[in-house]
Amino acid sequence: MAQIIPQRMAAEIDGSFVVFLIGMRINKLWKVHKWLPVFRAMPAMLEELSANPDSGLLGFRYQPGFPNFSVVQYWRSFEHLHTYARDRRGWHYPAWAAFNRKVGMNGDVGIWHETYCVAEGQYESFYGNMPAYGLGRAGRLVPAIGRKNTAKGRLNQSQGEDAPLDTAGVEKRKEVTA
C-alpha cells in the first residue's frame, strides 16, 4: 500500500507540461472481440513509454470504471505526445490503425481524448493525507506552507496569506441540520 503523507502537500513541476486524458467506452458489452483489444492496448503503450525516460511521459494513473475507462497522463510537452502518437514503430500507431480498421465509427466501442497544455505556474494542486498522487507523482510533492498554503498562493495570485477555508462554521451548520 502506498505511504500516506499526513500533512498538507502541493505539487510542483518545472516548466510547462501537458495533461492528456484518454479513454474508451464499452458501448456493446457482448462485443468483447471489439472492445477487449482496445482495453489491452493502453497498458502496453504505458509500459513502452515508462521504459523510455526520453519519451516525455512524466506519469499516469488509471481511472477504472464501467462502461468508461480512462487514463490521466502527464507529459513534458505536446511535441513529445504528438511524436509518440505518430511513431510507426511504437505500440500506439498500429493500435490506432487496428481500431480504425476493425471498429471505426460503428458504435461498438467509443474512444476519446482531451489534451490540455499547461503553462508554467498556471496550475495548482493540493493533497491532504494522501500518498503521492496525480501531478504530485508526475512532478514532486512539497509541503503546502507559506505561499503554497492556499489555492491563490499556489497560483501566484497571493503570498498565501489569504487563509485556507475556516471549517469551524461548517461543522456548526452540520450539527444544526443533523
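The structure we're discussing is the one just above.
These remarks concern the structure in this document. (Residues numbered from 1 in each chain as written. Predicted model: local features only at pLDDT ≥ 70, side-chain atom pairs only at ≥ 80, totals over all residues. Heavy atoms only, no water.)

Quick notes on the nonpolar core
Here is step 1 of the chain: Grouped together as the largest cluster of nonpolar side chains are 21 residues, with contacts concentrated most on M24, V71, W75 and V109.
Here is step 2 of the chain: Elements with a contribution of two residues or more to this core: β2 (17-26), α1 (32-50), β4 (68-75) and α2 (78-86).
Here is step 3 of the chain: With seven residues, the top contributor of residues to this core is α1.
Here is step 4 of the chain: Not counting residues up to four positions away in its chain, the partners in contact with V71 are F20, L21, I22, M42, L46, F60, R61 and Y62.
Here is step 5 of the chain: In terms of nonpolar packing, the next biggest core, distinct from the first, is built from 13 residues, I13, V19, V72 and A138 among them. (Core = buried A, V, L, I, M, F, W, Y, C linked by side-chain atoms within 4.5 Å. Buried < 20%, exposed > 50% of the residue type's maximum accessible area, 1.4 Å probe, protein only. Helix = DSSP H or I, 4+ residues; strand = E, 2+ residues; numbered from the N terminus. Contact = heavy atoms within 4.5 Å.)

Section: the environment of Q73
Here is step 1 of the chain: Mapped onto the secondary structure, Q73 falls in strand β4.
Here is step 2 of the chain: Between the C-alpha atom of Q73 and that of R61, which follows or precedes it by 12 residues, the distance is 6.7 Å.
Here is step 3 of the chain: At 2.8 Å, the side chain of Q73 and the side chain of W75 are in polar contact. (Polar contact = N/O pair within 3.5 Å; in protein donor to acceptor, adjacent residues only side chain to side chain.)

Details of the sheet that holds strand β6 (residues 127-130)
Here is step 1 of the chain: Reading across the sheet, the three strands line up as β6-β1-β7 and stay open at both edges, with antiparallel pairing between neighbours. Edge positions in the open sheet fall to β6 and β7 (140-143), since each of these has one partner strand only. Averaged over all pairs of adjacent strands, the angle between their axes in this sheet comes to 50°, without regard to strand direction.
Here is step 2 of the chain: Sheet topology note: the strand β1 (residues 5-12)/β6 ladder contains three bridges and is antiparallel. Of the residues in β6, the one forming a bridge with R8 is G128. (Pairing = 2+ DSSP bridges. Axes fitted to C-alpha atoms, helices over the stretch in contact; angles between N-to-C directions.)

Considerations on α2
Here is step 1 of the chain: When we look at burial in α2, the residues that qualify are L81, Y84 and A85. Along α2, the residues classed as buried sweep out an arc of 100° about the axis, all on the same side. Among the exposed residues of α2, those oriented more than 90 degrees off its buried face are E79 and T83.
Here is step 2 of the chain: Contact partners of the buried residues in α2: β2, α1, β4, α3 (92-102) and β5 (109-118). (Arc of directions from axis to C-beta.)

Observations concerning the sheet that holds β5
Here is step 1 of the chain: The strand order β3-β4-β2-β5 describes an open sheet built from four strands, whose pairing is antiparallel. Strand pairing shows two members of the sheet lacking a second neighbour, β3 (57-63) and β5, which therefore form its edges. Averaged over all pairs of adjacent strands, the angle between strand axes in this sheet comes to 15°, irrespective of strand direction.

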